[in-house]
Amino acid sequence: MSAASCLRSKDQFLCSICLDVFTDPVTTSCGHNFCKNCINEHWNMNVPSWCPICKEVFYTRPKLRVNTFISEMVSQFRQEAQQKASSSSSEQQAAKPEVLCDVCTGTKLKALKSCLVCLTSYCETHLEPHLTMSGLKRHQLMDPVENLEDRMCMKHDKPLELFCKTDQTCVCMLCSVLDHKTHEFVPLKEEYEGKKAELGRTEAEIQQMIQRRRLKIQKIKESVDLSKEAANREIAEDVQVFKSLIKSVMISLNELIETIEEKQRTTEQQAEDFIKELKQEISELMKRSSEVKQLSRSEDHLHLLQNFSSLKAAPPTKDWTEVSVRPPSYEGTVVRTVTQLEETLSKEMKKLFEAELKRVQQYAVDVTLDPDTTNPHLILSDDGKQVNCGDVKKNLPDNPERFSPCISVLGKQSFSSGRFYFEVQVKRKTEWDLGVARESINRKGEITLTPQDGYWTIVMRNGNEYKAGNYPSVCLSLKFKPQKVGVFVDYEEGLVSFYDVDAAALIYSFTGCSFTEKLYPYFSPCPNYGGKNSAPLIICPVNQTE
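Model, not experiment: these values are computed from the prediction.

(A) Layout of the packing of aromatic side chains. According to the stated counting rule, one finds twelve aromatic pairs in the structure shown. Clustering of aromatic rings is evident, with ring pairs tying together F403, Y455 and Y522. Between the NZ or CZ atom of K318 and the centre of the ring of W320, over which it lies, the distance is 4.6 Å.

(B) Focus on the nonpolar core. Counting residues in each nonpolar core, the largest one holds 36 residues, and the members touching the most others are W432, I458 and F523. If sequence neighbours within four positions are ignored, W432 has contacts with V426, I458, V459, M460, R461, Y466, V485, S524, C526 and L537. Counting 25 residues, the second largest nonpolar core, distinct from the first, contains F34, C35, W43 and C51.

(C) Geometry of the packing of helix 7 (residues 188-296) against helix 9 (residues 333-360). The interhelical angle for the contact between helix 7 and helix 9, taken along N-to-C directions, is 170 degrees, at an axis separation of 10 Å. Accordingly, the angle class assigned to the pair helix 7 and helix 9 is roughly antiparallel. Here the hand of the crossing between helix 7 and helix 9 comes out right-handed. Where helix 7 approaches helix 9, its residues E234, E237, V241, S244, L245, S248, V249, S252, E255, L256, T259 and K263 are matched on the opposing element by T333, V334, T337, Q340, L341, T344, L345, E348, L352 and R359. Of the residues that constitute the contact of helix 7 with helix 9, the class distribution is eight nonpolar, eight polar and six charged.

(D) Geometry of the sheet that holds strand 6 (residues 113-115). Here we have three strands laid out as an open sheet, ordered 7-6-8, and antiparallel in their pairing. With partners counted over all chains shown, the strands left at the sheet margins are strand 7 (120-122) and strand 8 (141-142), one partner each. Pairing of strand 6 with strand 8, which is carried by two bridges, proceeds in the antiparallel orientation. Of the residues in strand 8, the one forming a bridge with C115 is L141. Across the sheet, helix 4 (residues 124-132) lies against strand 6, strand 7 and strand 8, angled at about 110 degrees from strand 7, the strand it touches most.

(E) Main features of the pairing of strand 24 (residues 537-540). Every second residue of strand 24 is oriented toward a common face, with L537 and I539 on one face and I538 and C540 on the other, all of them buried. Sheet topology note: the strand 13 (residues 386-389)/strand 24 ladder contains two bridges and is antiparallel. Its bridge partner being in strand 24, Q386 is matched across the sheet by I538. Pairing analysis gives three bridges linking strand 15 (residues 419-425) to strand 24, with the strands arranged antiparallel. For E423, the partnering residue across the bridge sits in strand 24 and is C540.

Rules behind the numbers
Residues numbered from 1 in each chain as written. Predicted model: local features only at pLDDT ≥ 70, side-chain atom pairs only at ≥ 80, totals over all residues. Heavy atoms only, no water. Phe/Tyr/Trp six-rings, centres within 6.5 Å; stacked < 30°, edge-to-face > 60°. Lys NZ or Arg CZ within 6 Å of the ring centre and 35° of its normal. Core = buried A, V, L, I, M, F, W, Y, C linked by side-chain atoms within 4.5 Å. Buried < 20%, exposed > 50% of the residue type's maximum accessible area, 1.4 Å probe, protein only. Contact = heavy atoms within 4.5 Å. Axes fitted to C-alpha atoms, helices over the stretch in contact; angles between N-to-C directions. Helix = DSSP H or I, 4+ residues; strand = E, 2+ residues; numbered from the N terminus. Parallel < 35°, antiparallel > 145°, perpendicular 65-115°, else oblique. Left-handed = near helix turned anticlockwise from the far one by under 90°. Nonpolar A, V, L, I, M, F, W, Y, C, P; charged D, E, K, R; others polar. Pairing = 2+ DSSP bridges.

Written as structure tokens, this is what we have:
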């Protein structure tokens, strides 16, 4: 039997006067049942007598008859209620706090039941009168609880047995027929079961929310771990790159030093050879000087004359007048070395840019042109991948999204987070604009391609002049004329970079940007100038560099 049906069965055995289970039930002549004592007291106070339920007036007090059927049913109901109470008490004994008997003196025993009429808790011994005495049998017993006063209606001093759904409060039986008679009621247990089920659902939802947040924490930790691994990998790669660059620089520096030192060694060797030769001549000259001095001291006329001719054969000597040791020249040595180093670094830089380009190409997105934003002079291909400027202005609705009179168009796709990359062929063009633009840009009248106005672009003019759309604009010096331009955006990082795809070279980067709106790819093929600039801008599929 369900809880609701059990409560309805109990309602059938309630006296409408005391609102408790019948005690000595009797039936009036109008067919309604009451406790014998309750109806007699009612009639003693009300003359003439009348039925509390149907209001029938009895000018002569009716003779009351015991309703044996109701008496047997009430007796059976009480026994079942006591068994259920005992069973429920044993099941919930461990879970409930221990309540002591209010009657025991000295050592208090554990209470077995609490009486909602007496507002007292009783042990098994002191509960006996409530189970045997007719006057106490009408009292409502329940599992022992503390603070019994809180379970009584403060206005009617009756147990709170019903729940008023209208006022969302617990009420007694008298409240239901007096103060809340038009309201909707359910037994406390029924509302309890409903609220308990609701709490169960709430707890399940809370547990799901907790689980989702735990999973989010796990994902964040995993993201941090992946980020840390990527950072360590990047540091290792960058350290290797710089080690390679430092090695190249040190090799060039050592070669430069070796060249200078070799020149210095050559100079020193030359000086040593000169000095050696000079010393040899000095030795020969000193020997001849000695011979001349010795002969000049001779007093013998014949001897001096006979030996004088031999002095004429003097040893050969070099004319040292123009001979000198000049410091070596180093002009051009450093320049040549730095030039060679620049070539080496350029090769390394090309490798770096190729690696960087390969990384950003991983964020390639499929971009198509949006006809609703197209200037009426522009011609779009059927697949939305090509755009060029025609000679005839088409009759198109001047919707707010359309550029006019600027020869421009946006991509259909918008981006408000993450990273994205796309490539555009600019071959055979003499003018073009490329980049990204925020959603709220001005599309009517003259526009200024600056970040302040919501545009992050580079432009080409006059066939070979490149500028970054900034204020003031930045002139770009490019070694090669780009045939295909890659555009990369990191929304959170605030970065917009442009690449020469074929040369794997960085053209320009806008850094420190603050994006708060959707970003759209921006294209302008510029006027065709009588066919000189008629080649289209073509959005190309991204083929990652090897």
